[in-house]
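A closer look at the structure
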Amino acid sequence: MDKAVDHIARPSFLMAEANAYAVFVVGTSMEPRFNTGEILYVDPSAPVRRGPDVVVQINDDGELRAVVKQFKNADDKLVRVEQLNPRKEITFDKNTVTALHAVQGSWIRA
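Since we're looking at a predicted model, the values are computed, not measured.

How each quantity is defined
- Residues numbered from 1 in each chain as written.
- Predicted model: local features only at pLDDT ≥ 70, side-chain atom pairs only at ≥ 80, totals over all residues.
- Heavy atoms only, no water.
- Helix = DSSP H or I, 4+ residues; strand = E, 2+ residues; numbered from the N terminus.
- Rg over C-alpha atoms; globule rule 2.2 N^0.38 Å.
- Buried < 20%, exposed > 50% of the residue type's maximum accessible area, 1.4 Å probe, protein only.
- Contact = heavy atoms within 4.5 Å.
- Areas by Shrake-Rupley, 256 points an atom, 1.4 Å probe, with all protein chains shown as cover.
- Salt bridge = Lys/Arg side-chain N within 4 Å of Asp/Glu carboxyl O.
- Pairing = 2+ DSSP bridges.
- Phe/Tyr/Trp six-rings, centres within 6.5 Å; stacked < 30°, edge-to-face > 60°.
- Core = buried A, V, L, I, M, F, W, Y, C linked by side-chain atoms within 4.5 Å.

**Some words on the overall build of the chain**
The helix and strand tally for the chain stands at zero helices and seven strands. Radius of gyration (C-alpha) of the chain: 14 Å, near the 13 Å computed for a compact globule of 110 residues. Overall, the C-alpha framework of the chain stretches about 35 × 30 × 25 Å when taken along its three principal axes. A buried classification covers 36% of the 110 residues belonging to the chain. Put simply, 51% of the contacts in the chain that link residues at least 6 apart link residues at least 24 apart. Summing over all exposed atoms, the chain offers an accessible surface of approximately 7000 Å²; the carbon and sulfur share of this is 49%.

**What to know about the pattern of salt bridges**
Here the structure, examined in full by the defined rule, presents five salt bridges. The salt bridge partner of R80 is D75, with a shortest N-O separation of 3.1 Å. For D75, a relative accessible area of 32% gives the class partly exposed. One salt bridge connects R87 with E82, and the closest N-O pair in it is separated by 3.1 Å.

**A word on the pairing of strand β4 (residues 63-74)**
Sheet analysis places strand β3 (residues 53-60) next to β4, joined by eight bridges and oriented antiparallel. Its bridge partner being in β4, N59 is matched across the sheet by L64. Counting the residues in the hairpin turn of β3 and β4 gives two residues, including D61, whose phi is positive at 55°. Taken together, β4 and the strand that follows it, strand β5 (residues 78-84), pair antiparallel across an intervening segment of three residues.

**Notes on the packing of aromatic side chains**
Enumeration over the complete set of coordinates arrives at one aromatic pair. Summarising the aromatic geometry, the rings of F13 and Y41 are spaced 6.3 Å apart at their centres and angled 90° between planes, so their arrangement reads as edge-to-face. Highlighted residues: F13 in the segment before β1 (21-24) and Y41 in strand β2 (residues 38-43), separated in sequence by 28 residues. Look at Y41 and you get buried, because its relative accessible area is 10%.

**Here's the deal with the nonpolar core**
Soluble globular proteins tend to pack their nonpolar side chains together in the buried interior. In terms of nonpolar packing, the biggest core is built from 10 residues, these being V54, V56, I58, V67, F71, V79, V81, I90, F92 and V97. Of all the secondary structure elements, the ones that give two or more residues to this core are β3, β4, β5 and β6 (87-93). When residues in this core are grouped by element, the largest group, three residues, is from β3. Non-local contacts of V79, meaning those with residues more than four positions away in its chain, are made with F71, N73, A74, I90, T91, F92, K94, V97 and L100. Among the nonpolar cores identified, the runner-up in size contains nine residues, and V25, F34, V55 and L84 belong to it.

Structure below.
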């Protein structure tokens, strides 16, 4: 998460967003919504709303990681998200969440 591993062309709907980025889906926790190998386009300046998909960036004792889930809600202490496979709610201590970014689109590489 601290550096780019590849570069791809940004889609037209993110041309004006200088900080847009993309992530590769790894794993099955969001199937059938997203599948391994799918590319998700993220706009860090877009507002995060209940229901849509988000990238949650987490600092877990110095180890940075990111997960893609559906945003449920957040309060002063917790961020709540849901995965689809198997369906379950996951909570993160808000102090460990370094960023919460909205997924704006996806692409399946042929």
